[in-house]
Amino acid sequence: MQKIKSQSLKEQMTHYLHFFTKDHCLMVLYLFCLLFSPPVIPKINFIIPLAILSLAILAWAFRKNLLKLKALFTKTAMHFFIKGFFVYMGYVFVVILFNVLISRSIDLSQTFFVLYRCLLICPILLICIFYVTVWARSRNYTLKEFMLCLLIAASLQGILSLASLLFPEVKEILVKIMLFGTEDPLLANQWHLERRFFGFANNMYDGYGFGTGIFLALCFFCAAQWSKKFLIFAPLLFFPSFLNSRTGLVIFAIGVVISLPLFFDKRNKKSFLNLLLAVGVLLLAIVVIFLLIYCFSRPTFQWIMNILNLNKVDASLVKLFGDEFWNFPEGLQLIFGSGHTLYGADGFVHSDVGFVNDLWFTGILGTGFFYGVLVLLFRRVFKNVHDRPFKALVVYLGISMIAYNVKSMALTCNVGLITVFLILFVLDISYAKEEKLV
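Residues numbered from 1 in each chain as written. Predicted model: local features only at pLDDT ≥ 70, side-chain atom pairs only at ≥ 80, totals over all residues. Heavy atoms only, no water.

Trainee: I tried to follow the pattern of salt bridges on my own but got confused; where do I start?
Mentor: Opposite charge on two side chains permits pairing when their charged atoms draw close. Tallied over the entire structure, the rule returns five salt bridges. We note a salt bridge from Lys-43 to Glu-183, for which the minimum N-O separation is 3.8 Å. Taken together, the positions of Lys-43 in the loop between α1 (2-36) and α2 (47-61) and Glu-183 in the loop between α7 (168-182) and α8 (190-195) put the pair 140 residues apart, joining distant regions of the chain. By relative accessible area, which is 66% here, Lys-43 ends up exposed. Under the relative-accessibility criterion, Glu-183 is labelled partly exposed at 47%. Note that Lys-176 is salt-bridged to Glu-172, the shortest N-O span being 3.5 Å. Note that Lys-176 and Glu-172 are positioned in helix α7 at a spacing of four residues, about one turn of the helix. (Salt bridge = Lys/Arg side-chain N within 4 Å of Asp/Glu carboxyl O. Helix = DSSP H or I, 4+ residues; strand = E, 2+ residues; numbered from the N terminus. Buried < 20%, exposed > 50% of the residue type's maximum accessible area, 1.4 Å probe, protein only.)

Below you can see the structure in the form of structure tokens.
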């Protein structure tokens, strides 16, 4: 009997390792490529060929079940969002055409930028996310398994960030690849090179911090839902946020405020110990990471500490909340929009603020409509989710988008928006049938 039991255990371990190697590793790799769009193809966002490949696989591998796929798709929150987005895009084309007829001129580069920004969201990003949900559904992933894959994919970025900090040669190689793929002049700027670019992604600015801050907070929501073992990811996930974008620290701080109370449950005597453990992991990780950054990159350490200097307001905050950045359109353009943003438009004062750029783009009418679609999307997912930690997670994602839209444009295909939409749509479909992505 003991021999049979031993063989059974061995078979189970073999099966588990085979399953992880064949399936979970591929999922982790796909999620990493989706989230961070590694810039290995010059001037082409990696998410575009990824979407083409995903669509081809969907069409080929599920060609006999296309009707079932369609039925699945029409039941998702993604279907609702796409309908709203198409209406919004119709409005965008009308606004652009109207402004061209009035001014009889058009800034082709700016028009291309805003349309490209929209197309990256729909259909490019949504194709990839739908492919992920179908993949997980066909493999009977549980929500816990998917979140584990997602955190492992984010942790790979953490490993790259840590390696870049500890080994300058690694950072030099990754920066050269990113410069080759994006031709971003800031990747050759000495001031920026001393303080950031520890990692590997298509864009390592505020949108990167938006996403990595969410991942860091996600560890705590998952730990509150399932097991404190999820906190093991936290130390690694601190590095991308701390080393590259101070925005990520703000986004994470919001997540801490919302997630930590979830560890305390009066019905569970161990909950208080779990809360203490979560706080302990948080504080220890922050101390260790600050020490590492101080030892290996003094400019980065000073750059981070500047925002904590109460005696002097950080220059970036002064600029962010200055009058120039909060320059709203006037007259009919305030109501209907101008068809362009202030992010790089010729002849206009530049602004990073998402709310300002959205109002310039489609005015009060278009912006109000699109924000309404997003509110209904979040409301639908919130109602579908049954567990308190994930209800809180949906609220957190919404608050994070609002907070980030003050710093920059949330509605672009950055790491943050990809993460928000991926989690929302996965939660929506996972709670449709007994906690499984089926």
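Trainee: How should I be thinking about the side chain of Thr-412 in this particular structure?
Mentor: Looking at the secondary structure, you find Thr-412 in the loop between α17 (388-407) and α18 (415-430). Look at Thr-412 and you get buried, because its relative accessible area is 15%. Beyond its immediate stretch of four places on either side in the chain, Thr-412 contacts Arg-117, Ile-121 and Leu-417. (Contact = heavy atoms within 4.5 Å.)

Trainee: It is not clear to me how the packing of helix α10 (residues 234-244) against helix α13 (residues 298-306) should be interpreted in this structure. Could you clarify?
Mentor: Relative orientation and spacing of two packed helices are given, respectively, by the angle between their axes and the distance between those axes. At a minimum axis separation of 9 Å, α10 and α13 run at an interaxial angle of 80 degrees. One way to sum up the angle between α10 and α13 is to call them roughly perpendicular. Between α10 and α13, the residues in contact are Phe-242, Leu-243 and Asn-244 and Thr-300, Trp-303 and Ile-304, respectively. Residue composition of the contact of α10 with α13, by class: four nonpolar, two polar and no charged. (Axes fitted to C-alpha atoms, helices over the stretch in contact; angles between N-to-C directions. Parallel < 35°, antiparallel > 145°, perpendicular 65-115°, else oblique. Nonpolar A, V, L, I, M, F, W, Y, C, P; charged D, E, K, R; others polar.)

Trainee: Would you take a moment to explain unusual backbone geometry for this structure?
Mentor: With glycine set apart, most residues show a phi of negative sign, and most peptide bonds adopt trans. Following Cys-122, the chain continues into Pro-123 via a peptide bond in cis, with omega recorded as 20 degrees. Relative to the assigned elements, Pro-123 resides in helix α5 (residues 108-138). In this structure, Lys-43 takes a positive phi of about 65 degrees despite not being glycine.

Trainee: Help me out: how do you make sense of the nonpolar core in this one?
Mentor: Side chains that are nonpolar tend, in soluble globular proteins, to be buried together. If you look at the biggest cluster of nonpolar residues, it comprises 136 residues, and the most contacted ones within it are Phe-81, Leu-150, Phe-220, Phe-421 and Leu-427. The leading source of residues in this core is α5, at 18 residues. Setting aside chain neighbours within four positions, we find Leu-427 in contact with Leu-143, Met-147, Val-381, Val-385, Phe-390, Leu-393 and Val-394. (Core = buried A, V, L, I, M, F, W, Y, C linked by side-chain atoms within 4.5 Å.)

Trainee: Just checking my understanding: could you explain the packing of aromatic side chains for this structure?
Mentor: Aromatic ring pairs are described here by two measures, namely the spacing of the ring centres and the angle between the planes. Throughout the structure, instances matching the rule amount to 26 aromatic pairs. On the basis of an interplanar angle of 65 degrees and a centroid distance of 5.7 Å, the ring pair of Phe-85 and Phe-370 is categorised as edge-to-face. Residue Phe-85 is found in helix α4 (residues 77-103), and its partner Phe-370 is found in helix α16 (residues 354-384); the two are separated by 285 residues along the sequence. Overall, Phe-370 belongs to the buried group, its relative accessible area being 4%. Summarising the aromatic geometry, the rings of Phe-421 and Phe-425 are spaced 5.6 Å apart at their centres and angled 55 degrees between planes, so their arrangement reads as tilted. Here the residue Phe-421 and the residue Phe-425 both occupy positions in helix α18, the gap between them amounting to four residues, near one helical turn. A single burial state applies to Phe-421 and to Phe-425, both of which are buried. In textbook terms, an aromatic cluster arises when at least three aromatic residues are bridged by ring pairs, as seen for Phe-81, Phe-85, Tyr-88, Phe-361, Phe-370, Phe-421 and Phe-425. (Phe/Tyr/Trp six-rings, centres within 6.5 Å; stacked < 30°, edge-to-face > 60°.)

Trainee: What's the story with helix α9 (residues 206-225) in this structure? I'm lost.
Mentor: Note: α-helices contain 3.6 residues per turn, so residues at a spacing of three or four share the same orientation. Helix length check: α9 (20 residues) gives 29 Å between terminal C-alpha atoms against 28 Å at 1.5 Å per residue, within 8%. α9 sits mainly inside the fold: 18 of its 20 residues count as buried. (Expected span 1.5 Å × (residues − 1).)

Trainee: Honestly, the environment of Leu-422 in this entry has me stumped. Any pointers?
Mentor: By secondary structure assignment, the location of Leu-422 is in helix α18. Relative accessible area serves as the criterion here: at 0%, Leu-422 is assigned to the buried category. When the C-alpha positions of Leu-422 and Cys-128 are compared, they lie 9.2 Å apart, and in sequence the two are 294 residues distant.

Purely geometric stuff here, so don't read any function into it on its own.
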